Amino acid sequence: MTLEPFDVLGHLRKRRSHPAASLAEPAPQGAALQTILEAASRVPDHGKLVPWRFILVRGDARDALGERLVRMLEARGESLDDTRREQEATRFSRAPLVVAVVSRAAVHPKIPVWEQQLCVGAVCMNLVHAAHASGYAAQWLTEWMAFDDEVGAVLGLSDAERVAGFVHIGTPTTVPAERARPDLDSLISEWTPQ
């Protein structure tokens with residue numbers, strides 16, 4: 001097996017999330033989006049359970065979902081000033097495409113739920129990498145909506161499903177600032193027999 005002439009290691013060493021608000025049209029669609037989602041799905045999946053699925057939020061649906069968030073919070077009695085109202089209304093319209101990666105991890109006689117959840121996390125990260133490798137940019141976010149049962153119901157999740165992340169995808173408009181990275185030496189230990 002050989003790799004295509006894409007510098008995978010170089011990509012991984014330079015990868016940087018692009019803030020969702022810095023992503024503009026166009027977003028991938030059609031065959032380009034299909035390719036990205038196929039690449040995202042190439043993860044270790046013990047038992048071939050496919051414990052994930054995708055929900056695409058794009059076009060006018062982004063604003064409609066944002067308005068649902070505002071109404072939901074107001075119905076809960078939250079007082080939203082103009083700034084907070086705008087923040088909630090635009091949660092899904094910052095980027096031209098939002099892919100909700102949904103975890104379907106469930107109790108299985110052989111494959112632990114934790115292993116399935118790790119698989120779904122790998123899907124999210126592959127999705128970010130595939131978007132970047134395709135000439136787009138992405139940011140993997142959760143925010144409060146990922147953990148809210150009412151938002152899950154609005155998205156059509158079953159009681160057993162959870163949002164692993166909202167991956168915002170679009171064309172980058174800025175170069176994101178670099179941030180401090182972990183001190184690798186402090187993260188490495190070597191096991192030796194006692």
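Remember, it's a predicted structure, so these values are computed and weren't measured experimentally.

Participant: What's the story with a nonpolar patch on the surface in this structure? I'm lost.
Facilitator: On the surface, a nonpolar cluster with roughly 260 Å² of combined accessible area is contributed by Val8, Leu9 and Leu12. According to the relative accessible area criterion, Val8 is partly exposed, its value standing at 33%.

Participant: What exactly am I supposed to notice about the state of the cysteines here?
Facilitator: Between two cysteines, a covalent bond joining their sulfur atoms is known as a disulfide. Tallied over the full model, the rule gives zero disulfides. Considering cysteine sulfurs only, Cys124 is the nearest to Cys119, which forms no disulfide, with 10 Å between them. Judged by relative accessible area, Cys119 falls into the buried class, the value being 6%.

Participant: Which parts of the structure should I look at to understand unusual backbone geometry?
Facilitator: A negative phi holds for most residues other than glycine; trans holds for most peptide bonds. Of note, the amide linkage connecting Glu25 to Pro26 takes the cis form, showing an omega dihedral of 0°. Along the chain, Pro26 falls in the loop between β1 (23-24) and α2 (30-40). In this model, Lys48 sits at a positive phi of 50°, which is unusual for a non-glycine residue. With respect to the element layout, Lys48 can be found in the loop between α2 and β2 (52-58). Positioned with a positive phi, Val50 is a non-glycine residue whose angle comes to about 45°. Mapped onto the elements, Val50 comes out in the loop between α2 and β2.

The rules behind each value
Residues numbered from 1 in each chain as written. Predicted model: local features only at pLDDT ≥ 70, side-chain atom pairs only at ≥ 80, totals over all residues. Heavy atoms only, no water. Patch = residues over 30% accessible without salt bridge, like charges linked within 9 Å, V, L, I, M, F, W, Y side chains within 5 Å. Areas by Shrake-Rupley, 256 points an atom, 1.4 Å probe, with all protein chains shown as cover. Salt bridge = Lys/Arg side-chain N within 4 Å of Asp/Glu carboxyl O. Buried < 20%, exposed > 50% of the residue type's maximum accessible area, 1.4 Å probe, protein only. Disulfide = S-S within 2.5 Å. Helix = DSSP H or I, 4+ residues; strand = E, 2+ residues; numbered from the N terminus.

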